[in-house]
Amino acid sequence: LHQPLLEGLPELQGQGFNELIRRVMYSGEPITGKEVAARMLRNGTLQTTYYNFVYQPMYDDQGKIIGVVDVAVEVTELVEARKKVEEREKLLQDLNQQLEKKVNDRTIQLEKAHQRAELQWKELYNLFEEAPVAIAVVKGSEYIIDLANQKVCDLWGRKQQEALNTPLFKLIPEAANQGFEELLAKVMETGES
């Protein structure tokens, strides 16, 4: 009490508060601040603290400015809590961006792998179609025809369109009950040619 501001609180030197008070003294205009940082001496160390404040001119009976009223509320805990929330949000945004990048990179890899697989399939299919021997691929217990090249269709006396997705022994019933079902079943069960 009863000391110049910067003698009572020397740590405020160079932080601009003295200049703000002088401006209010000479202009008569109040100044407000929100969440303004101030280095204050706390427990023997300088710490950054935050304040909402109003510097209001104080007048005598003749209307002359004789001082400044400083009303300040410390909001350090509020500011630090908000900064922690903002840091967490930034961390989550960064993690989200990293995750999105990984997903995008993986999607690109999968698309490239899919394109390579399609190209390999087309090459295999062309080789399959152009093979000089009869080839068919059947699936499942009913031996559904999944692929049939022209040579095998000529051998069966059928068109490719009618052969595909049709059970083998329904397409060529004359081949049924001649032991082919057992041979195919053995191949499917054992995986041996």
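Our structure's up above, just so we're on the same page.
A. Structural detail: the packing of aromatic side chains. Going through the model one piece at a time under the given rule, you end up with five aromatic pairs. Note on F17 and F53: the rings are 6.3 Å apart at their centroids and 75 degrees apart in plane angle, and the pair reads as edge-to-face. Linking F17 in helix α2 (residues 17–27) with F53 in strand β2 (residues 45–59), this pair joins segments that are 36 residues apart in sequence. Relative accessible area serves as the criterion here: at 7%, F53 is assigned to the buried category. Ring centres of W121 and Y125 lie 6.4 Å apart, and the angle between their planes is 40 degrees; on these two criteria the pair is classed as tilted.

B. Representation of the layout of surface pockets. Roughly 410 Å³ of volume is contained in the largest pocket. Around the largest pocket, the lining comprises 18 residues; the ones closest to its centre are L5, L12, I21, Y55 and D70. Elements supplying a minimum of two residues to the lining of the largest pocket: α2, β1 (31–42), β2 and β3 (65–74). The element best represented in the lining of the largest pocket is α2, accounting for five residues. Among the residues forming the lining of the largest pocket, the class breakdown is 14 nonpolar, two polar and two charged. Quantified by volume, the second largest pocket comes out at close to 220 Å³. The wall of the second largest pocket is formed by A136, V137, V138, V152, W156, L168, F169, I172, A175, F180, L183 and L184.

C. View of α2. For α2, every residue scored as buried is listed here: F17, N18, L20 and V24. The buried residues of α2 occupy an angular sector of 165 degrees when the element is viewed end-on, so they sit on one face. Along α2, exposed side chains directed more than 90 degrees from the buried face belong to R23 and Y26. In this structure, the buried side of α2 is in contact with α1 (5–8), β1, β2 and β3. Downstream of α2 by a residue or two, G28 has a phi angle that is positive, lying close to 75 degrees.

The rules we used
Residues numbered from 1 in each chain as written. Predicted model: local features only at pLDDT ≥ 70, side-chain atom pairs only at ≥ 80, totals over all residues. Heavy atoms only, no water. Phe/Tyr/Trp six-rings, centres within 6.5 Å; stacked < 30°, edge-to-face > 60°. Helix = DSSP H or I, 4+ residues; strand = E, 2+ residues; numbered from the N terminus. Buried < 20%, exposed > 50% of the residue type's maximum accessible area, 1.4 Å probe, protein only. 1 Å grid on protein atoms, 1.4 Å probe; cavity = no way out; pocket = protein on both sides within 12 Å on 5 of 7 lines; lining within 4 Å. Points joined across faces, edges and corners; volume = space filled by probe spheres on them. Nonpolar A, V, L, I, M, F, W, Y, C, P; charged D, E, K, R; others polar. Arc of directions from axis to C-beta. Contact = heavy atoms within 4.5 Å.

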